[in-house]
Amino acid sequence: MNIFNHDNVHKMRVRDIAGYMITYPDVKKTSKNLLGLTFNTYQVNLDSYSMKLETKGANDDYILELHLLQNGTEVFSYKAYEDGQSEKDKYPLPEETYMHLTHDFQP
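Nothing here was measured: the structure is a model prediction, and the numbers come from that model. (Residues numbered from 1 in each chain as written. Predicted model: local features only at pLDDT ≥ 70, side-chain atom pairs only at ≥ 80, totals over all residues. Heavy atoms only, no water.)

**Student:** What is the right way to read the overall build of the chain from this model?
**Tutor:** A count of helical and extended segments in the chain gives two helices and seven strands. For the chain, the N- to C-terminal ordering of α and β elements is β-α-β-β-β-β-β-β-α. Expressed as a percentage of the 107 residues in the chain, the buried residues total 36%. Sequence-distant contacts, at least 24 apart, represent 48% of the contacts inside the chain between residues at least 6 apart. Roughly 6,400 Å² of accessible area belongs to the chain as shown, and the carbon and sulfur atoms make up 47% of that amount. (Helix = DSSP H or I, 4+ residues; strand = E, 2+ residues; numbered from the N terminus. Buried < 20%, exposed > 50% of the residue type's maximum accessible area, 1.4 Å probe, protein only. Contact = heavy atoms within 4.5 Å. Areas by Shrake-Rupley, 256 points an atom, 1.4 Å probe, with all protein chains shown as cover.)

Okay, here's the thing in structure tokens:
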């Protein structure tokens, strides 16, 4: 489900979005170790948008999920375990979020 204006979007790969999120200055990170595996959750809030990333591995080796919400409503969702989705595919990001991630902060 995408509710933002498609005229003002930039397409990015999930791995690229995740890279910006992980290194974003105001990211909130939590980590858990379960049965010897490390799971990380990253939360980034940008104006009316919030993004949540879940990874597995001490070095964020696997992207499990990535969610983008606008005012609490999900507008984009990537889940590694769902058929038809790939980290290599490009997904739309709202202009506002894209600008924050890629221009306001240079990793």
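**Student:** In this structure, what is going on with the side chain of asparagine 40? I would like to understand it.
**Tutor:** Within the secondary structure layout, asparagine 40 lies in strand β3 (residues 37-46). A polar atom in the side chain of asparagine 40 sits 3.0 Å from the side chain of aspartate 60. Once residues within four sequence positions are removed from consideration, asparagine 40 is found in contact with Lys29, Thr30, Ser31, Leu53, Glu54, Thr55, Gly57 and Asp60. (Polar contact = N/O pair within 3.5 Å; in protein donor to acceptor, adjacent residues only side chain to side chain.)

**Student:** Teacher, can you tell me more about the side chain of threonine 38 here?
**Tutor:** Inspection of the secondary structure puts threonine 38 in strand β3. One polar contact links threonine 38 to asparagine 33, side chain to side chain, over a distance of 2.7 Å. Ignoring sequence-local partners within four residues, the contact set of threonine 38 consists of Lys32, Asn33, Thr55, Lys56, Gly57 and Ala58.

**Student:** What's the story with the packing of aromatic side chains in this structure? I'm lost.
**Tutor:** By convention here, two paired aromatic rings are described through the distance between centres and the angle between planes. Scanning the entire structure with this criterion turns up two aromatic pairs. Each ring, one from phenylalanine 76 and one from tyrosine 91, has its centre 5.2 Å from the other, and the planes form 55°; the classification is tilted. Remark: tyrosine 91 occurs in strand β7 (residues 90-94) and phenylalanine 76 occurs in strand β6 (residues 73-79); sequence separation between them is 15 residues. With a relative accessible area of 6%, phenylalanine 76 lands in the buried category. (Phe/Tyr/Trp six-rings, centres within 6.5 Å; stacked < 30°, edge-to-face > 60°.)

**Student:** What exactly am I supposed to notice about helix α1 (residues 14-23) here?
**Tutor:** Since the α-helix packs 3.6 residues into each turn, any two residues three or four apart lie on the same face. Within α1, burial applies to Val14, Ile17, Ala18 and Met21. Buried residues of α1 fall within an arc of 100° about the axis and therefore sit on the same side. (Arc of directions from axis to C-beta.)

**Student:** How should I be thinking about the nonpolar core in this particular structure?
**Tutor:** Within soluble globular proteins, side chains that are nonpolar tend to cluster in buried spots. Ile17, Met21, Met51, Leu66, Leu93 and Leu101 are the most contacted members of the largest nonpolar core, which has 22 residues in total. Every element with two or more residues in this core is listed here: α1, β3, β4 (49-56), β5 (62-70), β6, β7 and α2 (95-104). Looking at this core, the element that brings in the most residues is α1, giving four residues. Here methionine 21 is in contact with Val27, Tyr42, Val44, Met51, Lys52, Leu53, Leu66 and Leu101, once residues within four sequence places are set aside. (Core = buried A, V, L, I, M, F, W, Y, C linked by side-chain atoms within 4.5 Å.)

**Student:** Would you mind showing me how to read the sheet that holds β5 here?
**Tutor:** In a beta sheet, neighbouring strands are held together by backbone hydrogen bonds and run either parallel or antiparallel to one another. Pairing within the open sheet is antiparallel, and its five strands lie in the order β2-β3-β4-β5-β6. Every interior strand has two partners, whereas the edge strands, β2 (28-34) and β6, have only one. Pairs of neighbouring strands in the sheet enclose a mean axial angle of 15°, with direction left out of account. Alignment of β2 against β3, held across seven bridges, turns out to be antiparallel. Note that in β3 the partner of asparagine 33 across the bridge is threonine 38. Sheet strands touched by α1: β3, β4, β5 and β6. Its angle to β5, the strand with the most contacts, is close to 80°. (Pairing = 2+ DSSP bridges. Axes fitted to C-alpha atoms, helices over the stretch in contact; angles between N-to-C directions.)

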